[in-house]
Amino acid sequence: MSVVYNWEFVGSVIDSVEVSLLEMWRRNDHCWTSSHGSESESCERRKKTKDSKFSISGFSSFSSTSILIIILSLLSHQLSPTHGAVNSPPLITKQPPTDTIFFQVAQRVDENDKPFIIECEAEGYPESQYRWIKNGKDFKWQAYDDRISQQPGRGTLVVTAPRDEDIGQYQCFAYNSFGTATSNSVFLRKAELSSFKDDTLETLVAEEGKPFDIPCNAPDGWPKPRVDWMFQTPNGAIKNINSSRITVDPEGTLRFSNVTQSDMSTEFTYACSAYSSFRNEYKLGNRIFLSVNPTSSSSVQNKVAPYQQYMTKKGTVAIRGQALELWCIVGGTPLPEIRWSRTNGRMPYERVEYDNYGKTLRILNVDTEDAGSYDCDASNGVGVPVSYSIGVKIEAAPYFTVEPEVINAAEDESIEFRCEAKGEPSPIIKWIHNGKPIEEAPPNPRRSLEGPLIVFRNLLKSDTGNYGCNASNSLGYVYKDVYINVLAMPAEITEGPKDAVVMEGKDAMMTCRVFGAPRPLVRWLKNEIELTGGRYKVLGNGDLQIDTVSFSDAGAYNCFASNKLGNATSSGKLIVKTPTRIIDGPENYQVTAGNPVKFGCTAVSDDTLPLQIEWLNDGAPIDFDSEPRYVKLQDNSLTIDKTTELDSGLYTCLAKTEYDNITANATLIVQEVPNQPRLLSVECRPRDAAVRWKAMGDNRAPILHYIIQFNTSFTPESWEIASKDVPATESSYTVSMKPWANYTFRVIAKNSIGASPASDHSDVCTTSEDVPFTNPENVKADKAEPRSLRITWTPMSEIDHNAPKFKYEVQWKEDDEHHAWRTETIHDWKTNEFIIPNQPIYRPYLIKVRAINEKGQSNVAPTIVRGYSGQDTPTQAPSNFTLVTKISAKRVLVSWDPVSPESLQGKFEGYKIETWTDADGEDVYRPTIVNYDVTKAVVDKLIPFSRNYFRVFAFNSDHQGPYSTILDVITDEGTPGPVEDLEVRPLGVSSLHLKWNKPEQPNGILLGYQIKYASVNGTEVKWNELNERLPNISHPEIVTAKLAGLKADTVYRVYVAAMTKEGAGEESFVEERTFAENATMIAKPDFQWDHEQTLNGLAAVRVSWKPNFEASGRPGSHFFVQYRKYRQTKWISTEEVYNEDSYVIRDLDPGLPYTFRVVAVDGIKSMPSDEQEIYTYAIDAPTIRAKAASSTTGWFIGLIVAIAFLVLILILVCIIKRNRGGKYAVYEREIAHGRLDYDEGGFREYAQAPSEEPTGRTPMVSDFKPPHESDSDSMVEYGEEGKFTEDGSFIGQYGVKKKDPNLPSPLATFV
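Residues numbered from 1 in each chain as written. Predicted model: local features only at pLDDT ≥ 70, side-chain atom pairs only at ≥ 80, totals over all residues. Heavy atoms only, no water.

## Looking at the overall build of the protein chain
Inclusion rule: Here a helix means four or more residues in a row that DSSP labels H or I, a strand means two or more in a row labelled E, and each is numbered from the N terminus. Here the term buried applies to any residue with accessible area under 20% of the maximum for its type, exposed to any over 50%, and partly exposed to those in between, with areas from a 1.4 Å probe on protein chains only. By definition in these notes, contact holds between two residues if any of their heavy atoms fall within 4.5 Å. Every accessible area reported is derived by Shrake-Rupley at a probe size of 1.4 Å, with residue values counting cover from the shown protein chains alone.
Looking only at helices and strands, the protein chain features 5 helices and 100 strands. Per-residue burial over the protein chain gives 44% buried out of 1311 residues. The long-range fraction of contacts in the protein chain, counting pairs at least 24 apart against all pairs at least 6 apart in sequence, stands at 65%. Element-wise, carbon and sulfur atoms account for 50% of the exposed surface of the protein chain, whose accessible area totals about 70100 Å².

This is the structure in structure tokens:
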């Protein structure tokens, strides 16, 4: 039979309801456990849906009303998040704490009752019932009228009007037909705070500078009240005590580390207070009036060695999980500095706090590894330091290491409850069954206790019930109540696998959640092959885990679940993609405020997925719109401009796609100077002031120290430093003050970035008048004019005057027994000297200067100083000044006769020899000073190869005497000084270019230069590889050179020294690196050329080049020349030139154009220059050909005879034509020169002027172009060597012309 109901409620329509027992169990919050006893896991609840279909089959014996009741009951559980819909024992969800609950009872008329609750809630089906016990007996809360009630549907007790009789031990039990759950047991205690027993005002007396204690008789209370001390004014106002010198120990005693006058009760009393945090109530008592006896010595001199006031006992027990406080209160003057350390292990600084100005060491959340010895060391520079060791033992209330868990299991399975706990002392474990000790439970042959386990074998439905584990020791207990629920259901997949996308290399999880009892067996298949072992792991909840997924894992996966009551299957698809990677993440930065930072982030992802890169600051996305200083660039990098301390934090680059993301973090620390300290107070005393301040933040660079400054009314615009190194742990400092001044103070904090802004200045402290405490310093008699005594001192600043009408008392006398002290008073305090005239020359005196004001003379005696009256000019010059010998080109030995002591008229200091040259001039001398008892000296400051002059004179402390006679000497040639302006530049991978200027001091005739070089490794020169460039440069005007054959990308130290005949001089050196092999391209070279003189009549051209440093690229390590005749294609290459910058190409045919270029080479790379055309010719030399062999001599003679015969015929033809009146080209030339008397007859072809166009190719570049025959030849050009023939023709036209002295002589050949 199947019954279907349709109805509407709360605005939702339930079309059809289909209910089965499996569906009811599936909505339960709990899970089952396999027969192997594995731990149960929480089951996910099914999502609620608006439309639910329920079908109830198999209930034909029920009436319609019964079925409707069941359905409504199931729906009520479906909509309640705290109840399951399947039968189960109760499970405690809310319960009281394990220790104590305090409650407050109204004690005064103005107080109200403070209600409280004792929680107890449980879930289970059927719904749980509740009962309570108090002090071991049933507690009937209903008997307390309306004062105590129980919340509906829960076991929580509500006490609205607490009473004293509510004190007791309470425990809650939740039960239904399947079991009884037990809660924690809690003790209810009334919160109380008693009053002080004695509140009379008491007067105590303390000694200034010494430690002092005031005990407090604090009242009792629950919970234990916090005891403190306060200032209480006569009108009842109270104020906290906050001082590094004053501490309240854990027993409530007020401890003064040292007493000062400021601790005296003038307008207040000391009051002890007890505070109840639960009742929020204060009680005051033990009011003390404190009197302080002043010490006989000053506050600066009053010192007390460290003294133990309160220490934590040497053997201390701490409770695990709570805070441990160790106390070390040490008195003394000055205030002792306290340092904590651990003897037998590392101090857990991440859990450590220091309180009470370092006197309290607090360790949070104590654990077993914190046991050991902790040392407190206190010192103040007086006496013996205090050292105290505290041994700490750790005890622990019980805590679970393995908790029992709720178990849902099927019949015939075997399960176990495991409960393990630790504590110190070791806890005792006891089991509870359905609210009673398990020893009192009915016997069960299938249940056994095995150590920390309860084991069930072959479960039956009747084994359902509650079990609780209690672990207890002397410090407390821990308890947990669970249950076993025995069920029977067929296998069903409640959440099957879904299509999933996972990244290669990640782990994949395919979901398959199942229900059933016995627990279903889950298997996974792919391509009909079961997946087991290796990278495949079927988890306890049925999910399939695939480790380190690869692309081959993509495909369809089937989940198959089965038990003895049924089976089910479901499938899903796995898609594998390339994971997103950050290939260049951000780096950590630590910068000073104001500087920019840039975080880079480069990522790649799967080609099918769009990639996004976002930036986060401390886990929150950065809003670039609201913060313009933050900019995300095109390359996804993040820049922050003008950083501030607030920018510090963790910056995260988040690269994400639809299916994965990856992050890379970088920390930014922006450090700034500390914040301005807050000046709290200044305590003015007669001769000192106590300044107190508070640090307001170090801005991520720890404060190193404080600077205490003051100014006075004498210098209101300038601040003086009282102390520049006050430790960062201090917050107060005592500054000494001088009399008769107004002081104000301020504090500056300093860290590694710099100094903070100064604090606000303090109120004014004014000191009374007194006599001067010091006298002027630096008193001396010095630098006086002849026959006078000049006494000088440093004026005392106004802060040292100590009273009005300040003046100096100057006293002096000759240093003998016959003269008395004479006195002069100086009323102007700014004066720094006093001159006494008419005194003997250079006599010893005793002098002293004393400070005086209207209160009297200084309280310290002035220091007596010995000095001398003024000196005069020496009157005698050294005589017999003689050049003894020349030692070297720079050194000579001279001598002289000493001067008489009477002529010195002062303190004899010695002799001074001055030397110079004509080039220097007399005013530019080089001095040599010798002792007063020396009359012979070596002068070593001469200039070689020059005329040097000498003179000598005696001198005293203030004046020099007359000069001696002047000597001169011509020094020999020496080695030169260093060359000037040495410059080394790389040409390529294997060469360097050197350039320098002549030495400023040649010290002789320069012959040339020596060049050495060696490679450098780091900072060390490889002296074993020192090489000399050969040959040396042999001309002093050559100031450039080239070093070739070097190693690529190597640093060389190059030495250059000039040379004279005496050898090489002082070396100058420069270090330079050759280019690397992969350096930039070679610059195009440039060159010049010139004709060279030859001896064989052939042409020669010198091609010169210079390194091209102006163009981009390397100039080139070495060069060679290529050339070819005009219109030829094949280049002829010269040998490669390494150390020179020119090359001569010889044996060129004269009178022909050639094309030239220079090729720069560097390693395997080369670069040719632009081409230039050169017209060649020989300079002043006959053509010399190689002598013909004897076999060709006849032919040569025959050729000469034939040429002579043809020339003779040509002459005869010319004579015949001339006789017939024909004109040669000479006709036009003579007309051009004014000869107009020639007959115009004859053959006109010989009279035409030649074309002005040149024949042959004109060279592109040349210093000389061979001349064409002139169109203006005449007799004038040929002079007297030109002659007329008998027929009047000018045969000299074919003779020899005059040479142009500026032109070379090309050979004219007639054919």
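Continuing now.
## Observations regarding the state of the cysteines
What counts, and what does not: The disulfide criterion is simple: two cysteine sulfur atoms within 2.5 Å.
Under the counting rule described, the total for this entry stands at 7 disulfides. The disulfide partner of Cys 512 is Cys 559, and the gap between their sulfur atoms is 1.8 Å. Its S-S torsion of about -70° marks the bond between Cys 512 and Cys 559 as left-handed, since a negative value means left-handed. Of this pair, Cys 512 sits in the loop between β44 (508-510) and β45 (513-517) while Cys 559 is found in strand β50 (residues 555-563), placing the two residues 47 residues apart along the sequence. Look at Cys 559 and you get buried, because its relative accessible area is 0%.

## Notes on the pairing of strand β99 (residues 1165-1168)
Where we set the bar: Only when DSSP finds a minimum of two bridges between them are two strands counted as paired.
Across 4 bridges, strand β98 (residues 1153-1162) lies against β99 in antiparallel orientation. Counterpart to Ala 1160 in the pairing with β99 is Met 1167. In this structure, the hairpin formed by β98 and β99 is closed by a connection of 2 residues, where Gly 1163 is found at a positive phi of approximately 65°.

## Considering the pattern of salt bridges
What counts, and what does not: For salt bridges, the criterion is a side-chain nitrogen of Lys or Arg within 4 Å of an Asp or Glu carboxyl oxygen.
By the definition in use, this model includes 57 salt bridges. Linking Glu 281 and Arg 279 is a salt bridge whose minimum nitrogen-to-oxygen distance equals 2.8 Å. For the pair formed by Glu 281 and Arg 279, the shared burial category is buried. With a shortest N-O distance of 2.9 Å, Arg 700 and Glu 645 are connected by a salt bridge.

## Points about the packing of aromatic side chains
Our working rule: Pairing of aromatic rings covers Phe, Tyr and Trp, the last through its six-membered ring, and needs centres within 6.5 Å; plane angles under 30 degrees mean stacked, over 60 mean edge-to-face, and all others mean tilted.
Counted under the stated rule, the structure contains 39 aromatic pairs. Arranged with centres 6.5 Å apart and planes meeting at 85°, the rings of Tyr 310 and Trp 327 form a pair that is edge-to-face. Residue Tyr 310 is found in strand β25 (residues 304-311), and its partner Trp 327 is found in strand β27 (residues 324-333); the two are separated by 17 residues along the sequence. Of the two residues examined, Tyr 310 and Trp 327, each falls in the buried class. Ring centres 6.4 Å apart and planes at 85° place the aromatic pair Phe 417 and Phe 456 in the edge-to-face group. Pair noted here: Phe 417 is in strand β34 (residues 415-418) and Phe 456 is in strand β39 (residues 453-456), with a separation of 39 residues, a long-range link. What makes Phe 417 buried here is its relative accessible area of 0%. The class of Phe 456 is buried, set by a relative accessible area of 1%.

## Comments concerning unusual backbone geometry
Across the junction of Ala 517 and Pro 518, the peptide omega takes the value 5°, indicating a cis bond. With respect to the element layout, Pro 518 can be found in the loop between β45 and β46 (521-526). Between Leu 1030 and Pro 1031 the backbone carries a cis peptide bond, its omega angle lying at -5°. Note that Pro 1031 resides in the loop between β88 (1027-1028) and β89 (1040-1043). Its identity is not glycine, yet Trp 740 carries a phi of approximately 55°, on the positive side. Tracing the backbone through its elements, the reader meets Trp 740 in the loop between β66 (732-736) and β67 (742-750). Despite not being glycine, Asp 981 has its phi angle at roughly 55°, a positive value. One can find Asp 981 in strand β84 (residues 980-986). With relative accessibility at 56%, the residue Asp 981 sits in the exposed group.

## Quick notes on the environment of Val 969
Summarising the element assignment, Val 969 is placed in strand β83 (residues 967-970). Along the backbone, Val 969 and Ser 946 are 23 residues apart, and their C-alpha atoms lie at a distance of 8.2 Å. In this structure Val 969 touches Leu 883, Lys 886, Ser 946, Arg 947, Asn 948 and Phe 950, once residues within four positions along its chain are discounted.

## Some remarks on the environment of Pro 677
Relative to the elements of secondary structure, Pro 677 occurs in the loop between β61 (661-671) and β62 (678-684). Pro 677 gets classed as buried once you look at its relative accessible area, which sits at 4%. For the pair formed by Pro 677 and Ala 749, sequence separation is 72 residues and the distance between their alpha carbons is 6.7 Å. Excluding residues within four positions of it along the chain, Pro 677 makes contact with Lys 694, Met 696, Val 747, Ile 748, Ala 749, Ser 756, Pro 757 and Ser 759.

## Focus on the sheet that holds strand β64 (residues 705-712)
Here we have 4 strands laid out as an open sheet, ordered β65-β64-β67-β68, and antiparallel in their pairing. For this open sheet the edge positions go to β65 (720-727) and β68 (765-766), each flanked by a neighbour on one side alone.

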